[in-house]
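The chain contents come next:
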Amino acid sequence: MKQYTDLFIDFDDTLYDTHGNSVIALRELFDALHLERWFPDPQVFYDRYWEANIDLWTRYSRGEITRDYLIVERFRRPLSYGDGLEPTEQYCLDASDLFLDLCSSKPGLVESARELMDYLKAKGYRLHMCSNGFHEVQYKKLRSCGLDCHFDTIVLSEDAGVNKPSPLFFDYAIQTTGAQKSTTLMIGDNFQTDILGAKRYGLDTAYFNRFPDYPAAEPVTYEVTQLRQLMEIL
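Asks: Please explain the pairing of strand 1 (residues 6-9) as it appears in this structure.
Replies: If a strand is regular, its side chains alternate between the two faces of the sheet. Of the two faces of strand 1, the one carrying Asp6 and Phe8 and the one carrying Leu7 and Ile9 are both buried. Bridge count between strand 1 and strand 2 (residues 126-131): four bridges; the pairing is parallel. Paired with Asp6 across the strands is Arg126, a residue of strand 2. When strand 1 meets strand 4 (residues 184-188), the two strands line up parallel, connected through four bridges. Note on strand 4: the bridge partner recorded for Leu7 is Leu185.

Given below as structure tokens:
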């Protein structure tokens, strides 16, 4: 078994249950903004939000859009489906601020995430969070879920100036952490941004495939469907 010293670990939906926490936060947002005035069926709003969110985050990771565009557009699109609602940019910004505050205050983790991080810390690995998430939001999420003390380094795309899967992101991560390519493993749930990005950079990869109906599109170093399986590898 290959020996690693450094682990690059994605955060959202790898450790932090971003999707589950967001589902709760969206419902709270709907109630707080009294969106029932424009959406008799709240599911219309929820569905349009996820549709926009997936598309925009994919484009953001490719560097096709800016953070500011994403923040406004991911609420402008679903809100525009409201009957008689014409969302202004400021309204979308206010909705985004409230949503991010609600979401990042949630403590929910992916199953076995805390157990895994405790195990890796005890084993003496150097643990580095590698995320495309927004700076202020990610630090709040870390505090909310109690994993802030587990990481040796926080590597964010806003600090790197580029997003995963860009090789420049991984350049920045290597330089910031002092890790060596040959003894570093990238762990993540997003095959495009986490796994392909790291693989093409020359890192070993552990693909956390939470939805096994979608297997790895090309060979990876390891593939697991549950986080606890990583404890058998590391």
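Asks: In this structure, what is going on with helix 8 (residues 167-177)? I would like to understand it.
Replies: Along an α-helix, a turn takes 3.6 residues, which lines up residues three or four apart on a common side. Among all positions in helix 8, only Phe169, Phe170, Ala173, Ile174 and Thr177 are buried. Down the axis of helix 8, the sector holding all buried residues measures 135°, keeping them to one side. Those residues of helix 8 that are exposed and aimed more than 90 degrees away from the buried face are Leu168 and Gln175. In this structure, the buried side of helix 8 is in contact with strand 1, strand 2, strand 3 (153-156), helix 7 (157-160), strand 4 and helix 9 (191-201). Where helix 8 begins, the capping side chain belongs to Ser166, and its oxygen is found 3.1 Å from the backbone nitrogen of Leu168. Positive phi appears at Gly178, one or two residues downstream of helix 8, with a value of about 75°.

Asks: What am I meant to see in the side chain of Asn21 here?
Replies: Tracing the backbone shows Asn21 in helix 1 (residues 18-32). Asn21 sits in the buried class, given a relative accessible area of 5%. The residues contacting Asn21, other than those within four sequence positions of it, are Tyr16, Cys103, Lys106 and Gly108.

Asks: Quick question: what am I supposed to make of the layout of surface pockets here?
Replies: By rolling a water-sized probe across the atoms, one finds the places where empty space is left. Reported here for the largest pocket is a volume of approximately 1,400 Å³. As for the largest pocket, its lining consists of 45 residues, and the residues nearest its centre are Asp12, Asp13, Trp57, Asp189 and Asn190. Only helix 1, helix 2 (42-61), helix 4 (89-104), helix 6 (135-145), helix 9 and strand 5 (204-208) provide two or more residues apiece to the lining of the largest pocket. Residue classes in the lining of the largest pocket are distributed as 17 nonpolar, 16 polar and 12 charged.

Asks: Quick question: what am I supposed to make of the packing of helix 4 against helix 6 here?
Replies: Geometrically, a packed helix pair is captured by the angle between its two axes and the distance between the axes. At a minimum axis separation of 9 Å, helix 4 and helix 6 run at an interaxial angle of 30°. Here helix 6 runs roughly parallel to helix 4, going by the angle between their axes. Facing Leu100, Asp101 and Ser104 of helix 4, the residues of helix 6 in contact are Val137, Lys140, Lys141 and Ser144. Taken together, the residues that form the contact of helix 4 with helix 6 break down as two nonpolar, two polar and three charged.

Asks: Can you walk me through the packing of aromatic side chains in this structure?
Replies: Centre-to-centre distance and the angle between the planes together describe a pair of aromatic rings. Using the criterion set out here, one finds 16 aromatic pairs in the structure. Judged by centre distance (5.4 Å) and plane angle (90°), the ring pair of Trp57 and Tyr60 falls under edge-to-face. On the criterion of helical spacing, the pair formed by Trp57 and Tyr60 is a turn pair, its members being three residues apart in helix 2. Where Phe191 meets Tyr207, the ring centres are 5.1 Å apart and the plane angle is 65°; that geometry is what we call edge-to-face. You can see Phe191 sitting in helix 9 and its partner Tyr207 sitting in strand 5, a full 16 residues away along the chain. What makes Phe191 buried here is its relative accessible area of 9%. On the accessibility criterion, Tyr207 (7% relative accessible area) is buried. Ring pairs connect the aromatic residues Phe30, Phe39, Phe45 and Tyr46, which therefore count as one cluster.

Asks: It is not clear to me how the sheet that holds strand 3 should be interpreted in this structure. Could you clarify?
Replies: The strands making up a sheet associate through hydrogen bonds between their backbones, and the pairing can be parallel or antiparallel. Strand order across the open sheet formed by six strands is 3-2-1-4-5-6, with parallel pairing between neighbours. The open sheet is flanked by strand 3 and strand 6 (222-224), the only strands paired with a single partner. Taking each pair of neighbouring strands and ignoring which way they run, the sheet shows an average axis angle of 20°. Bridge count between strand 4 and strand 5: four bridges; the pairing is parallel. The partner of Leu185 across the bridge, within strand 5, is Asp204. Relative to the sheet, helix 6 contacts strand 2 and strand 3, its axis offset from that of strand 3 by approximately 145°.

Thresholds applied
Residues numbered from 1 in each chain as written. Predicted model: local features only at pLDDT ≥ 70, side-chain atom pairs only at ≥ 80, totals over all residues. Heavy atoms only, no water. Buried < 20%, exposed > 50% of the residue type's maximum accessible area, 1.4 Å probe, protein only. Helix = DSSP H or I, 4+ residues; strand = E, 2+ residues; numbered from the N terminus. Pairing = 2+ DSSP bridges. Arc of directions from axis to C-beta. Contact = heavy atoms within 4.5 Å. Polar contact = N/O pair within 3.5 Å; in protein donor to acceptor, adjacent residues only side chain to side chain. 1 Å grid on protein atoms, 1.4 Å probe; cavity = no way out; pocket = protein on both sides within 12 Å on 5 of 7 lines; lining within 4 Å. Points joined across faces, edges and corners; volume = space filled by probe spheres on them. Nonpolar A, V, L, I, M, F, W, Y, C, P; charged D, E, K, R; others polar. Axes fitted to C-alpha atoms, helices over the stretch in contact; angles between N-to-C directions. Parallel < 35°, antiparallel > 145°, perpendicular 65-115°, else oblique. Phe/Tyr/Trp six-rings, centres within 6.5 Å; stacked < 30°, edge-to-face > 60°.

In short, shape yes, function no, at least from these values alone.
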